[in-house]
Amino acid sequence: FAPVTQVSWQLGKVLFPAAAATADRATVGARTAEAIAGIALLLAPLLAPAVALAPWAFPAILGDEWEPLVVPFQLLLVAGVLHALANLVGESLSGTGHVALHTRCYLGLLAGLAVLLPVLIELDGARGAAIAHLAAVIPFAAVYFTRGARTIGTSPGAIWRSSAPVAVAVGAQVAVTFAVLGALRAAGTGEAA
């Protein structure tokens, strides 16, 4: 949850009062879309290297006993970044007086986790817990990026347009990262390479 607690909530301390002090919804929406793009620029480029390096780094740094937690870490990292981006809409919702929608979204997330966690932990342990988090945060983010976005004076399209350059660059980064990783493995290099 570091992307949420250390980045998104901190920026939310700025977005919430700015939204509360702004009467024009379009301005709030534009600021929120820009904040999402900024946080995406900060967090999204970290995903590919973290996911690619985790299978080597966990055992090398933490010990072999941590190897089973590689996939849960990778899934939770993606869920954390998505949650951090969506939370910025929530902060603006609260600042514009739409606390009820913000609260219902979080209650939906918690309800989803309450249902999914026990079942998926039983089926797949820590990996199941990570899958539950990712599965619960996707609809949570979808509601924020659609209904929440429109409520604060923006749209899913405006959020996408502000974040598209980041998404394109990160998509290229992901492709290159995993192409290099595949080439290294095909060449027979060890995990350290």
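Predicted model only: the values in this text are computed from it and were never measured.

Cut-offs applied
Residues numbered from 1 in each chain as written. Predicted model: local features only at pLDDT ≥ 70, side-chain atom pairs only at ≥ 80, totals over all residues. Heavy atoms only, no water. Helix = DSSP H or I, 4+ residues; strand = E, 2+ residues; numbered from the N terminus. Buried < 20%, exposed > 50% of the residue type's maximum accessible area, 1.4 Å probe, protein only. Contact = heavy atoms within 4.5 Å. Areas by Shrake-Rupley, 256 points an atom, 1.4 Å probe, with all protein chains shown as cover. Lys, Arg positive; Asp, Glu negative; His and termini not counted. Charge placed at Lys NZ, Arg CZ, Asp CG, Glu CD. Patch = residues over 30% accessible without salt bridge, like charges linked within 9 Å, V, L, I, M, F, W, Y side chains within 5 Å. Salt bridge = Lys/Arg side-chain N within 4 Å of Asp/Glu carboxyl O. pLDDT = per-residue confidence, 0-100. Polar contact = N/O pair within 3.5 Å; in protein donor to acceptor, adjacent residues only side chain to side chain. Phe/Tyr/Trp six-rings, centres within 6.5 Å; stacked < 30°, edge-to-face > 60°. Core = buried A, V, L, I, M, F, W, Y, C linked by side-chain atoms within 4.5 Å.

A tally of helices and strands in the chain yields five helices and zero strands. Element order for the chain, N to C, with α for helix and β for strand: α-α-α-α-α. Dimensions of the chain, computed from C-alpha atoms along their principal axes, come out at roughly 60 × 40 × 25 Å. Taking all 193 residues of the chain together, the buried fraction comes to 40%. Considering only contacts in the chain between residues 6 or more positions apart, those separated by 24 or more positions represent 73%. Total accessible area on the chain is roughly 9900 Å²; 72% of this is exposed by carbon and sulfur atoms. Charge separation in the chain, taken as the distance between the mean sites of 9 positive and 9 negative side-chain charges, equals 19 Å.

Now for a nonpolar patch on the surface. Together, Leu53, Trp56, Ile61, Leu62, Trp66 and Leu69 line one region of the surface with nonpolar side chains, adding up to about 570 Å² of accessible area. Within the element layout of this structure, Ile61 appears in helix H2 (residues 25–62).

The next point concerns the confidence of the model for the chain. Overall, the predicted model of the chain reaches an average pLDDT of 91, with 98% of residues at or above 70. For the chain, per-element mean pLDDT is lowest for helix H1 (residues 2–20), which scores 83, and highest for helix H4 (residues 99–151), which scores 96.

What follows is about the side chain of Gln74. Residue position: Gln74 is located in helix H3 (residues 70–95). Accessibility expressed as a relative area gives 15% for Gln74, which makes it buried. In terms of polar contacts, Gln74 uses its side chain to reach the backbone carbonyl oxygen of Val51, at 2.7 Å. Residues within four places of Gln74 in sequence aside, it is in contact with Val51, Ala54 and Pro55.

So, about the packing of aromatic side chains. Following the criterion strictly, the structure yields three aromatic pairs and no others. On the basis of an interplanar angle of 70 degrees and a centroid distance of 4.9 Å, the ring pair of Tyr106 and Phe140 is categorised as edge-to-face. Look at Phe140 and Tyr144: their rings are 4.8 Å apart centre to centre, the planes differ by 80 degrees, and that puts the pair in the edge-to-face class. Here the residue Phe140 and the residue Tyr144 both occupy positions in helix H4, the gap between them amounting to four residues, near one helical turn. Residue classification places Tyr144 among the buried positions, given a relative accessible area of 0%. Among the aromatic side chains, those forming a connected cluster through ring pairs are Tyr106, Phe140 and Tyr144.

The next point concerns the nonpolar core. Counting residues in hydrophobic clusters, the biggest one holds 39 residues, and the most contacted among them are Val89, Phe140, Tyr144 and Phe145. Among the elements of the structure, H1, H2, H3, H4 and helix H5 (156–186) are those that each provide at least two residues to this core.

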